[in-house]
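# Per-entry structural report
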Amino acid sequence: MSSLAVTFVTSDRTVWSGSASQVVVPAADGSMGILPGMQPTLAILDRGVVRIHDESGQVTEREVAGGFVSVDADVVTIAVDRAARRDPAER
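As a starting point, this report considers the structure included with it. (Residues numbered from 1 in each chain as written. Predicted model: local features only at pLDDT ≥ 70, side-chain atom pairs only at ≥ 80, totals over all residues. Heavy atoms only, no water.)

### Some thoughts on the overall build of the chain
Within the chain one finds zero helices and seven strands. Its helices and strands taken in sequence order, the chain reads β-β-β-β-β-β-β from the N to the C terminus. Computed over the C-alpha atoms, the radius of gyration of the chain is 12 Å, within 12% of the 12 Å expected from 2.2 N^0.38 for a compact globule of 91 residues. Referenced to the eigenvectors of the C-alpha coordinate spread, the extents of the chain come out at roughly 30 × 25 × 25 Å. A buried classification covers 36% of the 91 residues belonging to the chain. In the chain, 49% of the contacts between residues at least 6 apart in sequence involve partners at least 24 apart. Element-wise, carbon and sulfur atoms account for 46% of the exposed surface of the chain, whose accessible area totals about 5,300 Å². (Helix = DSSP H or I, 4+ residues; strand = E, 2+ residues; numbered from the N terminus. Rg over C-alpha atoms; globule rule 2.2 N^0.38 Å. Buried < 20%, exposed > 50% of the residue type's maximum accessible area, 1.4 Å probe, protein only. Contact = heavy atoms within 4.5 Å. Areas by Shrake-Rupley, 256 points an atom, 1.4 Å probe, with all protein chains shown as cover.)

Written out as structure tokens, the structure is:
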């Protein structure tokens, strides 16, 4: 099974790094799902939630207010100014 190598960073720390089965980001023109084998892409992020589905099925969610995502050869880089944990009661 293919996977994505994901690095999710803010200006001062790494939020999440590892292998994932899928990533969903709030692109400026709408929600964008990223799966293995996706064409190279660079997109601006809007306010919303980044969801990273790791290979064990666990989902990490962080609220962001902009940034960018780069996808190339199953390597995903997400860079934002801030990434806040979501309140579990909001799910």
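### Remarks on the nonpolar core
In this structure, Val6, Phe8, Val23, Val25, Ile34, Val69 and Ile78 are the most contacted members of the largest nonpolar core, which totals 22 residues. For this core, the secondary-structure elements that each account for two or more residues are β1 (4-9), β2 (14-27), β3 (30-34), β4 (41-54), β5 (59-72) and β6 (75-79). When residues of this core are assigned to their parent elements, the largest contribution, six residues, is made by β2. Every residue in contact with Val6, bar those within four places of it in the chain, is listed here: Trp16, Ser17, Gly18, Ala20, Val23, Ile52, Val76 and Ile78. (Core = buried A, V, L, I, M, F, W, Y, C linked by side-chain atoms within 4.5 Å.)

### Some words on the side chain of Thr60
Relative to the helices and strands, Thr60 is located in strand β5. Among the polar contacts made by the side chain of Thr60, one reaches the side chain of Trp16 at a distance of 3.5 Å. (Polar contact = N/O pair within 3.5 Å; in protein donor to acceptor, adjacent residues only side chain to side chain.)

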